[in-house]
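What follows is each chain in one-letter form.
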Amino acid sequence: MKYQVGDEILVLQTNEEGRVLEILDDQMVIVEVRGVKFPIYIDQIDFPYFKRFTQKPKEPAPKKEKVFIDQLPVEKKSQTNHIKAENGVWLTLLPKYSLDEFGDDIVDYFKIYLVNQTGDSLQYYYQYEKNGRVDFELKSEVLAHKDVYIHDMDFSDLNDYPHFSIEFSLLKKDDKKAEYFESQLKLKPKQVFNKVEEIKDKNEPTISYMLLEKYPAREKQLKQADNMDLSSLSKIGYKVIPAKKFKETLPPVRSVVDLHIDKITDNPKGLSHYEMLQLQLKEFEKWYDIAVINRQPNLIIIHGVGKGKLKEEIHQLLKSRGEVKSFVNQFDHRFGFGATEIFFQY
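Residues numbered from 1 in each chain as written. Predicted model: local features only at pLDDT ≥ 70, side-chain atom pairs only at ≥ 80, totals over all residues. Heavy atoms only, no water.

## Describing unusual backbone geometry
And step 1. Even without a glycine there, the phi angle at H145 is positive, about 60°.
And step 2. Relative to the assigned elements, H145 resides in the loop between β9 (133–142) and β10 (146–154).
And step 3. Even without being a glycine, Y161 presents a positive backbone phi close to 55°.
And step 4. Tracing the backbone through its elements, the reader meets Y161 in the loop between β10 and β11 (163–170). (Helix = DSSP H or I, 4+ residues; strand = E, 2+ residues; numbered from the N terminus.)

## What about the pattern of salt bridges?
And step 1. Under the defined criterion, the tally for this structure stands at 10 salt bridges.
And step 2. Its salt-bridge partner being E285, residue R321 comes within 2.8 Å of it at the nearest N-O pair. Of the two residues, R321 sits in the loop between α7 (309–319) and β16 (324–328) while E285 sits in helix α6 (residues 273–293), which places them 36 residues apart along the sequence.
And step 3. One salt bridge connects D332 with R334, and the closest N-O pair in it is separated by 3.2 Å.
And step 4. By relative accessible area, which is 12% here, D332 ends up buried. (Salt bridge = Lys/Arg side-chain N within 4 Å of Asp/Glu carboxyl O. Buried < 20%, exposed > 50% of the residue type's maximum accessible area, 1.4 Å probe, protein only.)

## Some details on the sheet that holds strand β6 (residues 88–99)
And step 1. Within the open sheet, the four strands sit side by side as β10-β7-β6-β13. Their pairing is antiparallel. Each edge of the sheet is formed by a strand with only one pairing partner; in this case those strands are β10 and β13 (207–212). The sheet shows a mean angle of 25° between the axes of neighbouring strands, direction not considered.
And step 2. In this structure, β6 lies alongside strand β7 (residues 105–117), joined through 12 bridges in antiparallel fashion. (Pairing = 2+ DSSP bridges. Axes fitted to C-alpha atoms, helices over the stretch in contact; angles between N-to-C directions.)

## Some thoughts on the confidence of the model for the chain
Do not read the fine detail of predicted coordinates wherever pLDDT is low.
And step 1. Mean pLDDT over the chain stands at 80; residues scoring 70 or higher make up 79%.
And step 2. Mean pLDDT across the elements of the chain ranges from a minimum in helix α4 (residues 243–246), with 53, to a maximum in strand β17 (residues 339–344), with 93.
And step 3. Low pLDDT (under 50) marks residues 75–82, which in the prediction has seven contacts with non-local residues, meaning those over four places away or in another chain.
And step 4. Predicted confidence for residues 221–226 stays below pLDDT 50, and this span has eight contacts to residues more than four positions away or in other chains. (pLDDT = per-residue confidence, 0-100. Contact = heavy atoms within 4.5 Å.)

## Quick notes on the side chain of Q44
And step 1. Note that Q44 resides in the loop between β4 (36–41) and β5 (45–46).
And step 2. Apart from the residues within four sequence positions on either side, Q44 is in contact with L10, V11, L12, Q13, K190, F193 and N194.

Okay, structure coming up:
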């Protein structure tokens, strides 16, 4: 490792000096610059000594003349009026800057907005997580072609695995459109850092992430044939549900499903390992089908680590499903290696 804890460093993109606080791995360290701690890749920092020997002495700033109140320029309009977003619903980050000792802009925090560039007025349930714990939540609404301020996020929060979860529903219900739509967003420090530098170069005020392109239509239901008589099935004990009402009988969709046996049954004692596995696979099939019916973009299945039998069975099933685009079992700060994320294609 090129750096050690306590080493003085220079952030190449901002020309700021700081020091190394912690070594995360062979590619990333945590540094402190002007009291702000954040993660950074080692290829984006260097030792500051060459800069110190080659830079010219800083000339004293010219004495400022007095400015009287009638000479002050008119204050610019709020940057939120210049949020650039195309059609869709966007989560927008407005960086708020301060000047360092070299006169360069550095980000102190972000103001977070929800921008609705669709013709639908929406209700939303917003959750913001840091380190796997909910730090802020809000239930409110955003009108068509309007934006709303939600909260501030410190620049240093990028080190805490920020995760956004937003569930949308129509402010005015429409039987032709879905009951609700759920969207997830995870921010990666390096990507946000690069985007900040990009909008500086382009002189743009905000960073935007699309959450919803167009509010989805309700899935078409199979119509019962006029000449199909199902009364005989009802008479012998079957529950007959009209096709157009079938979806209403399903439980609400979930983006995360926990298959631990104590989450499925209140009385797991006395069950054999085989019986537990069958219950877990049945529960998996249930939520998998609900996800496909509702055309969810992704689904997280918590199967735990253990001996890996449940994970293995689920992965074998996923390999044969045509609507599965891909699935991945990688480390997640919320579940470790005990969960698989499924991505769908329709």
